[in-house]
Amino acid sequence: MTLSKDGNPEVYILTLATGTFRRLTRHVSIDTEPSWSPTGREMAFVSDRTGPAQIYVMDAEGRHVRQLTTGAHNTQPRWSPRGDVIIYTSRQGNHDIWAINPDGSNARRLTAGPGDNQGPSWSPNGRHIAFQTSRLGGWQIFSMLADGTDQSPITRGTGERTSPSWSPRLP
């Protein structure tokens, strides 16, 4: 979780059994939006320690911090269920969904065109990504394949439809 109890926002772990907080990041800049890898050994997070918000990865102890993205304003990291890809939202004019390997290689844009695309969420099997988009006017939920192809609406109509979240794989 992100807490600002010691000043600026930092990433913490809360042990539910004891109510104990353990601080993972210690930086004068903002550290926020933690996202665990499926193995629980690493965590992606957002920090503005080099200027605009960027995606970083650290181990579960808060060590071995490495920056994955550069340039634009990058937020909302989400690990794939297999742990081989991290998707995120990048603002370079409009917001779009991008993907990157956890070692920082192979950054690729998954959405483009009119409107904003953000708030990505992986399907439990890692084959699809749901996201919110304003490309049709108001906010709607779309889905696409993990490589960015076959983008299609899930919702339609008036009113705002945002913040998609897949349910876990059920038996």
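Residues numbered from 1 in each chain as written. Predicted model: local features only at pLDDT ≥ 70, side-chain atom pairs only at ≥ 80, totals over all residues. Heavy atoms only, no water.

Asks: What's the story with the packing of aromatic side chains in this structure? I'm lost.
Replies: Any two aromatic rings considered together are summarised by their centre-to-centre distance and by the angle between their planes. With the rule as written, the count across this model stands at three aromatic pairs. Aromatic pair tyrosine 12 and phenylalanine 21: ring centres 6.4 Å apart, planes at 85°, arrangement edge-to-face. Among the residues examined, tyrosine 12 registers a relative accessible area of 3% and is labelled buried. Aromatic side chains phenylalanine 131 and phenylalanine 142 sit 6.0 Å apart centroid to centroid with 45° between the ring planes, which places their arrangement in the tilted category. Residue phenylalanine 131 is located in strand E13 (residues 128-133), and its partner phenylalanine 142 is located in strand E14 (residues 140-145); the two are separated by eleven residues in the primary sequence. Comparing phenylalanine 131 with phenylalanine 142, the two get one shared label, buried. Above the face of the tyrosine 56 ring, arginine 49 is positioned so that its terminal group lies 5.3 Å from the ring centre. Directly above the aromatic system of phenylalanine 142 lies the positively charged group of arginine 135, at a separation of 4.8 Å from the ring centroid. (Phe/Tyr/Trp six-rings, centres within 6.5 Å; stacked < 30°, edge-to-face > 60°. Buried < 20%, exposed > 50% of the residue type's maximum accessible area, 1.4 Å probe, protein only. Helix = DSSP H or I, 4+ residues; strand = E, 2+ residues; numbered from the N terminus. Lys NZ or Arg CZ within 6 Å of the ring centre and 35° of its normal.)

Asks: How should I be thinking about the pattern of salt bridges in this particular structure?
Replies: In a structure, side chains of opposite charge can pair up when their charged atoms sit close to one another. Taken as a whole and judged by the stated rule, the model has eight salt bridges. For aspartate 6, the salt bridge is made with lysine 5, and the minimal N-O distance between the two is 3.6 Å. Aspartate 6 gets classed as partly exposed once you look at its relative accessible area, which sits at 44%. A salt bridge links aspartate 6 to arginine 23; the nearest nitrogen and oxygen atoms lie 3.5 Å apart. (Salt bridge = Lys/Arg side-chain N within 4 Å of Asp/Glu carboxyl O.)

Limitation: the analysis is restricted to geometry and does not speak to function.
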